[in-house]
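Next come the chains, spelled out residue by residue.
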Amino acid sequence: DVTVVMTRQKVEDDLSLYNRAACGKDCDLLISAHSNAVGTDVNENVDYVSCYYPVSGELQELAKKLSAVVAKTIGTNQAPKAIQKWNSAHTADWMGIIRHSAAFGVPALLLEHSFHTNTCVTKWLMSDDNLQKLADAEAEVIAESYNLEKEESEMRYEKLKDLKADQY
């Protein structure tokens, strides 16, 4: 009985951070999934996983667990990080998706699946089999965090119809 809502149907879709957060309205959790970059050139020296969580401290444990399981699954060399990041005035979250999601009453994380400027990580992330391993590992951590039990029923997948930013 878990519903997953995607904010993008194609990589080219580019909703504003506010509209992405609006897609999560009425959800129990929003995860903004990314890969990071160090500059614009290849950098083989940086490969850690990071998960940003709200400055309220909410979701800190989940952020730690997700960053750890992603790092273990990918096999990064550097230790994973769970990070809070305040805005410059130290009054709110710096990460827009976390800040905007909070406005909708939805706790959010921004999960950086290591660095696409690292060729080993990029190669790993380009494999559908590896992405399935990541999805399974992340789903297990989330399910455990929300005390969900796995049912042995058939999975249903539905794609959202054309999601329009002007709906929000």
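What you are looking at is a predicted structure, and each value in this text was computed from that prediction instead of being measured. (Residues numbered from 1 in each chain as written. Predicted model: local features only at pLDDT ≥ 70, side-chain atom pairs only at ≥ 80, totals over all residues. Heavy atoms only, no water.)

Attention now goes to the overall build of the protein chain. Helix and strand content of the protein chain: five helices and four strands. Helices and strands appear in the protein chain in the N-to-C order α-β-β-α-β-α-β-α-α. Evaluated residue by residue, the protein chain yields a buried proportion of 34% over its 168 residues. Across the protein chain, the fraction of contacts at a sequence separation of at least 24, relative to all contacts at a separation of at least 6, is 77%. (Helix = DSSP H or I, 4+ residues; strand = E, 2+ residues; numbered from the N terminus. Buried < 20%, exposed > 50% of the residue type's maximum accessible area, 1.4 Å probe, protein only. Contact = heavy atoms within 4.5 Å.)

Here we come to unusual backbone geometry. Unusually for a residue other than glycine, L59 sits at a positive phi of about 75°. Although it is not a glycine, H90 adopts a positive phi angle of roughly 60°. Structurally, H90 is set in the loop between β3 (81-83) and α3 (96-103).

The next thing to look at is the pairing of strand β4 (residues 108-115). Among the eight residues that make up β4, eight are buried, leaving the element largely enclosed by the rest of the structure. Across six bridges, strand β1 (residues 30-36) lies against β4 in parallel orientation. Within β4, the position partnered with A33 by the bridge is L111. (Pairing = 2+ DSSP bridges.)

Moving on, we get to the pattern of salt bridges. Taken as a whole and judged by the stated rule, the model has three salt bridges. Note that D14 is salt-bridged to R20, the shortest N-O span being 3.0 Å. The shortest N-O distance in the salt bridge between K64 and E61 comes to 3.5 Å. Remark: E61 and K64 occur in helix α2 (residues 60-74); sequence separation between them is three residues, near one turn of the helix. Classification of K64 as partly exposed rests on a relative accessible area of 38%. Classification of E61 as partly exposed rests on a relative accessible area of 46%. Within this structure, R8, D14 and R20 form a network of salt bridges that share partners. (Salt bridge = Lys/Arg side-chain N within 4 Å of Asp/Glu carboxyl O.)

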